[in-house]
Each structure stands twice: as C-alpha cells, then as structure tokens.
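Below, each chain spelled out in residue letters.
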Amino acid sequence: MITAEFVENAVRQLSSEELVKFRQWYAEFDADLWDAQIEVNAAAGKLDALAAEELADYQSGQSREL
C-alpha cells in the first residue's frame, strides 16, 4: 500500500518540469473529486437549504450581480 509519506518523498524528487506536470494533473484530479462530491451532495438534497436561502435573498433584493 502506498502511503502519503511515500508520495511526499516521490514528489520531492521530481524535476521542475515534472513538478509542473504533477501540479496540473493534481489540480484536475482534485477538481474532479470536488465536482463528484458536489453532485452527490446535491442529489442527496444536502444543498437544498443553502439554495433556498440564497434564492430568498435574491428575491428580496439582498443580492447584486457580480
């Protein structure tokens, strides 16, 4: 089994070019995981209360365009 410590040590040994590639890969990997978790939470209704609160703020004029 690969440990976090093993990965940390491997990352420290990367060249500058390989570190750039790793950062790009990891950013995409992490974003994909985040997106998947948001989808699961939304499907489970965990975001409904937050959405309702924000919609109420919008409808009452308490928000503004960005």
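These figures come from a predicted structure and were not determined experimentally.

Here we take up the environment of Glu54. Note that Glu54 resides in helix H3 (residues 48–59). With relative accessibility at 42%, the residue Glu54 sits in the partly exposed group. Sequence spacing of Glu54 and Phe6 is 48 residues, and the spatial spacing of their C-alpha atoms is 43 Å.

With that out of the way, let us pick up the pattern of salt bridges. Going through the model one piece at a time under the given rule, you end up with 1 salt bridge. The salt bridge involving Lys21 is made with Glu18; its shortest N-O contact spans 3.4 Å. Of this pair, Lys21 and Glu18 both sit in helix H2 (residues 16–43), 3 residues apart, which is roughly one turn of the helix.

Each value, and the rule that gives it
- Residues numbered from 1 in each chain as written.
- Predicted model: local features only at pLDDT ≥ 70, side-chain atom pairs only at ≥ 80, totals over all residues.
- Heavy atoms only, no water.
- Helix = DSSP H or I, 4+ residues; strand = E, 2+ residues; numbered from the N terminus.
- Buried < 20%, exposed > 50% of the residue type's maximum accessible area, 1.4 Å probe, protein only.
- Salt bridge = Lys/Arg side-chain N within 4 Å of Asp/Glu carboxyl O.

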